[in-house]
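Residues per chain, in single letters:
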Amino acid sequence: ASDPFNHPSRSSSSFILVGVPSLEAFPTCLGILFCSGYIIALVGNGIVLLVIGVDRSLRDPIHCFLGMLAVIDVVMVTSIIPKMLSIFWLNSTEIGYMACFVQMFLVHSTTSGESGVLLAMAVDRYIAICHPLRYQAILNRQKIAQIGLAIVVRALLFMVPLTGMVTNLPYCRSRVVPHSYCEHMAVAKLACTDPRPSGLYSVAGSSLIVGMDMAFIAVSYGMILKTVLGKKSCWKAFSTCGCHICVMLLYYIPGTVSIYAQQFGSGISMHVQVLLADLYLTLPTMLNPIVYSMRTKQIRQAVRKML
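Residues numbered from 1 in each chain as written. Predicted model: local features only at pLDDT ≥ 70, side-chain atom pairs only at ≥ 80, totals over all residues. Heavy atoms only, no water.

As for the state of the cysteines
Working definition: the covalent bond between the sulfur atoms of two cysteines is a disulfide. Within the structure shown, the criterion is met by one disulfide. You can see Cys29 has no disulfide; the closest cysteine sulfur is in Cys35, sitting 13 Å from it. For Cys29, a relative accessible area of 54% corresponds to the exposed category. Residue classification places Cys35 among the buried positions, given a relative accessible area of 18%. (Disulfide = S-S within 2.5 Å. Buried < 20%, exposed > 50% of the residue type's maximum accessible area, 1.4 Å probe, protein only.)

Let's talk about the packing of helix α2 (residues 61–90) against helix α3 (residues 97–130)
Here α2 crosses α3 at 160 degrees, and the two axes come no closer than 9 Å. Between α2 and α3, the interaxial angle falls into the category roughly antiparallel. Seen along the crossing, α2 lies across α3 with a hand that is left-handed. Partitioned by chemical class, the residues of the contact of α2 with α3 number 16 nonpolar, five polar and five charged. (Axes fitted to C-alpha atoms, helices over the stretch in contact; angles between N-to-C directions. Helix = DSSP H or I, 4+ residues; strand = E, 2+ residues; numbered from the N terminus. Parallel < 35°, antiparallel > 145°, perpendicular 65-115°, else oblique. Left-handed = near helix turned anticlockwise from the far one by under 90°. Nonpolar A, V, L, I, M, F, W, Y, C, P; charged D, E, K, R; others polar.)

Points about the sheet that holds strand β2 (residues 94–96)
Strand pairs in the sheet, formed through backbone hydrogen bonds, run parallel or antiparallel to each other. If you walk across this open sheet you meet the three strands as β2-β1-β3, and the pairing is mixed. Of all strands in the sheet, those with a lone pairing partner are β2 and β3 (176–177), marking the two edges. Relative to β2, strand β1 (residues 14–17) runs antiparallel, the two being bridged by three bridges. Bridge pairing in β2 links Phe15 to Ile95. Contacts between α3 and the sheet are confined to β1 and β2, with β2 contributing the most and set at about 85 degrees to the helix. (Pairing = 2+ DSSP bridges. Contact = heavy atoms within 4.5 Å.)

A word on the packing of aromatic side chains
Summed over the entire model, instances satisfying the criterion amount to nine aromatic pairs. Relative to Phe88, the ring of Phe34 lies with its centre 6.1 Å away and its plane at 20 degrees, an arrangement referred to as stacked. Separated by 54 residues along the polypeptide, Phe34 in helix α1 (residues 27–54) and Phe88 in helix α2 bring together distant segments of the chain. Between Phe158 and Tyr201, the ring centres sit 5.9 Å apart and the planes meet at 15 degrees, which makes this aromatic pair stacked. Of this pair, Phe158 sits in helix α5 (residues 141–167) while Tyr201 sits in helix α7 (residues 196–228), and the two are 43 residues apart along the sequence. For Phe158, a relative accessible area of 9% puts it in the buried group. (Phe/Tyr/Trp six-rings, centres within 6.5 Å; stacked < 30°, edge-to-face > 60°.)

With respect to the confidence of the model for the protein
When the pLDDT values of the protein are averaged, the result is 84; 91% of them are 70 or greater. Between residues 1–11, whose pLDDT stays under 50, and residues either more than four places distant or in other chains, the model counts 22 contacts. (pLDDT = per-residue confidence, 0-100.)

As for the UniProt feature "transmembrane region" (unreviewed entry) in the protein
In the UniProt entry, the feature "transmembrane region" (unreviewed entry) is given for residues 25–52, 64–89, 95–123, 144–166, 203–225, 237–254 and 274–294. The span residues 64–89 carries 100% helix and 0% strand; its end-to-end C-alpha distance comes to 37 Å. Between the first and last C-alpha atoms of residues 203–225 the distance is 32 Å; the span itself is 100% helix and 0% strand. (UniProt positions renumbered as here; feature names shortened; annotations may be inferred.)

Regarding the packing of α3 against α5
Relative orientation of the contacting elements α3 and α5 amounts to 145 degrees, with a least axis distance of 9 Å. Taken as a pair, α3 and α5 cross one another with a handedness that is right-handed. Touching Tyr97, Phe101, Met104, Phe105, His108, Ser109, Ser112, Gly113, Ser115, Gly116, Val117 and Ala120 of α3 are Ile147, Ile151, Arg154, Ala155, Leu156, Met159, Val160, Thr163, Val166 and Thr167, all from α5.

Some words on the pattern of salt bridges
For side chains bearing opposite charge, pairing can occur when the charged atoms are close. Under the definition given, this model contains four salt bridges. One salt bridge connects Arg154 with Asp213, and the closest N-O pair in it is separated by 2.8 Å. Linking Arg154 in helix α5 with Asp213 in helix α7, this pair joins segments that are 59 residues apart in sequence. Asp213 gets classed as buried once you look at its relative accessible area, which sits at 0%. As a salt-bridge pair, Asp194 and Arg196 come within 2.9 Å of each other at their nearest N and O atoms. For Arg196, a relative accessible area of 54% puts it in the exposed group. (Salt bridge = Lys/Arg side-chain N within 4 Å of Asp/Glu carboxyl O.)

Let's talk about helix α10 (residues 297–306)
An α-helical turn contains 3.6 residues, so any two residues separated by three or four positions project in the same direction. The set of residues buried in α10 consists of Ile299, Ala302 and Val303. Around the axis of α10, the buried residues are gathered within 100 degrees of arc, so they sit on the same side. Facing away from the buried side of α10, by more than 90 degrees, are the exposed residues Lys297, Arg304 and Lys305. (Arc of directions from axis to C-beta.)

Shown next, in the form of structure tokens:
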């Protein structure tokens, strides 16, 4: 009962991250998998940011949104994967109390930000295809800055109260977090008081953000397809929209399942929940530069010119 590892005081200075529960026997394989994903995400998004920064012709709205998406992706994977690799390869499972909550804030605020940018990009494509003559007038630099600010403010409005609720919980039980990063529900369940208020807030807020963004994205792509049906550009639009929608589904579906599994999925094994959470944070960051950027003719040409 006096074991400090399992029963720390309220002022405990650290948590212990398990990694992927039930798969602790495969640290090398898991490390190689996530390290490869991290390298691909860094290289892909780094190239996108480099060419957008160097080439002055890439200053139109869609490339601004691609730059925002690349920054968010880099922050997202950097906030979790280096620590995951230290768990898998160095057995460095301890994370500081404040570092845990900073990681939590970065992870969940960037997921909200990424959803906002995906919505902005869908609206951008709708305006470009359905209202091409008004494109520059609608999406001027001021409007893009306002959209970027709105995305950041929304993420902060969602995460600041949630982080405050979780940090103010009294932690008097085990400090072992059965996760590969400081996922807020996994941490909140260690509290010696009822964590359901923070869980319900998280589910309600996430459902509102994801539901609203997915609804507007669906409407945007629906209007695009309606506009191009029967035109020569129909198949090109189908190809582009199809790729975008596939990446969005890879982001939204595992993310949505992970959110509800953490709160209500007691019948889902813990390692499946953790792998789902890791998947929706790492896979889209690898695919976004390929689908959204390398398929864009201007960026391909800028990369060839730079090389």
